[in-house]
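Chain residues, written in single-letter form:
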Amino acid sequence: DEENKRNSFFSEIKSVFLNEGAEDSNARGLTGAQTVKLMEIDRCLERKQFGRAIELITAHLSCGTELSYAFKVRLARLKAICLDEMGKRSEALRECDLLISSDKSDAYEFYLLKNRFISDYERRIENLREYIKHNPYDYRAYELITDYEWRLVSQAYVSPERCAP
């Protein structure tokens, strides 16, 4: 009885993740096998094995088979995160620039990812203003710029120089 439970559990997981190569509607453009590969990379991230994660990402990107756009984007995003965690911020920013130049339909998400790796608010604002040049009607960018500008003003108001006697 215990073995039947275990087998049915693994059969259930297999049917969810290895859906005969069909796209998983909950994964938005990913096959079951691609979802499993992303989970493997995610496990590396959880264990802080960023070098291993980049090895897996590079292997998937250079496997020679045609990959879906959704899978390639997720891999590139994870690669940028790993590079940043490894202290390679300039390489992470370069990955973001490649994502931004690859497709303008998901550009806002890519600009946000890039902002994750930019430490100062002035450069974050500059990054979003670049996005606005291509998408002037996207209110989300304006809201975020306003938030960053408010933080800049707050920093200036509470700066150590103002608090010094």
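Keep in mind it's a predicted model, so treat the numbers as computed, not measured.

*Asks:* Would you explain the packing of helix α3 (residues 50–61) against helix α4 (residues 69–85) in this entry?
*Replies:* In a pair of packed helices, the angle between the axes and the distance between the axes together describe the arrangement. With their axes 9 Å apart at the nearest point, α3 and α4 run at an angle of 155 degrees to one another. One element, α3, and the other, α4, form an angle in the roughly antiparallel class. Here α3 and α4 pass one another in a crossing that is left-handed. On the side of α3, the interface is formed by Phe50, Ala53, Ile54, Ile57, His60 and Leu61, while α4 contributes Phe71, Lys72, Leu75, Leu78, Lys79, Cys82, Leu83 and Glu85. Of the residues belonging to the contact of α3 with α4, the class tally is ten nonpolar, one polar and three charged.

*Asks:* What exactly am I supposed to notice about the packing of aromatic side chains here?
*Replies:* By convention here, two paired aromatic rings are described through the distance between centres and the angle between planes. For the structure on display, the rule yields three aromatic pairs. Ring centres 5.4 Å apart and planes at 55 degrees place the aromatic pair tyrosine 108 and tyrosine 131 in the tilted group. With tyrosine 108 in helix α6 (residues 107–116) and tyrosine 131 in helix α7 (residues 121–134), the pair connects residues that are 23 residues apart, well separated along the chain. Its relative accessible area of 4% is what places tyrosine 131 among the buried residues. Feature note: the residues Tyr108, Tyr111 and Tyr131 constitute an aromatic cluster, connected by ring pairs.

*Asks:* I tried to follow the packing of α7 against helix α8 (residues 139–157) on my own but got confused; where do I start?
*Replies:* Packing of α7 against α8 brings their axes to within 10 Å, and their N-to-C directions diverge by 160 degrees. In terms of orientation, α7 and α8 fall into the roughly antiparallel class. Seen along the crossing, α7 lies across α8 with a hand that is left-handed. Note on element contacts: α8 touches α7 through Arg140, Ala141, Tyr142, Leu144, Ile145, Tyr148, Glu149, Arg151, Leu152 and Gln155, opposite Tyr121, Glu122, Arg124, Ile125, Leu128, Arg129, Tyr131 and Ile132.

*Asks:* How do you make sense of α6 when you look at a structure like this?
*Replies:* An α-helical turn contains 3.6 residues, so any two residues separated by three or four positions project in the same direction. Here α6 lies mainly inside the structure; seven of its ten residues are buried. Taken as a whole, α6 has its buried residues at Ala107, Tyr108, Phe110, Tyr111, Leu113, Lys114 and Asn115. Looking at the buried side of α6, the elements it contacts are α4, α5 (89–102), α7 and α8.

*Asks:* Which parts of the structure should I look at to understand the nonpolar core?
*Replies:* Proteins that are soluble and globular tend to have nonpolar side chains buried together. In terms of nonpolar packing, the biggest core is built from 42 residues, with Ile41, Leu75, Leu113, Phe117 and Tyr131 touching the most fellow members. At the level of secondary structure, the elements contributing two or more residues to this core comprise α2 (32–46), α3, α4, α5, α6, α7 and α8. Among the elements that make up this core, the one with the highest residue count is α4 (ten residues). Those residues in contact with isoleucine 41 that sit more than four places away from it in its chain are Ala53, Leu56, Ile57, His60, Leu75 and Leu78.

*Asks:* Help me understand the confidence of the model for the protein, please; the structure alone is not making it clear to me.
*Replies:* Confidence along the protein averages 81 in pLDDT terms, with 76% of residues attaining 70 or more. Predicted confidence in the protein is weakest over strand β1 (residues 23–24), with a mean pLDDT of 41, and strongest over α7, with 93. A low-confidence stretch, residues 14–26 stays under pLDDT 50, and its non-local contacts, those more than four residues away or across chains, total 22 contacts.

Here is what the cut-offs are and how they apply
- Residues numbered from 1 in each chain as written.
- Predicted model: local features only at pLDDT ≥ 70, side-chain atom pairs only at ≥ 80, totals over all residues.
- Heavy atoms only, no water.
- Axes fitted to C-alpha atoms, helices over the stretch in contact; angles between N-to-C directions.
- Helix = DSSP H or I, 4+ residues; strand = E, 2+ residues; numbered from the N terminus.
- Parallel < 35°, antiparallel > 145°, perpendicular 65-115°, else oblique.
- Left-handed = near helix turned anticlockwise from the far one by under 90°.
- Contact = heavy atoms within 4.5 Å.
- Nonpolar A, V, L, I, M, F, W, Y, C, P; charged D, E, K, R; others polar.
- Phe/Tyr/Trp six-rings, centres within 6.5 Å; stacked < 30°, edge-to-face > 60°.
- Buried < 20%, exposed > 50% of the residue type's maximum accessible area, 1.4 Å probe, protein only.
- Core = buried A, V, L, I, M, F, W, Y, C linked by side-chain atoms within 4.5 Å.
- pLDDT = per-residue confidence, 0-100.

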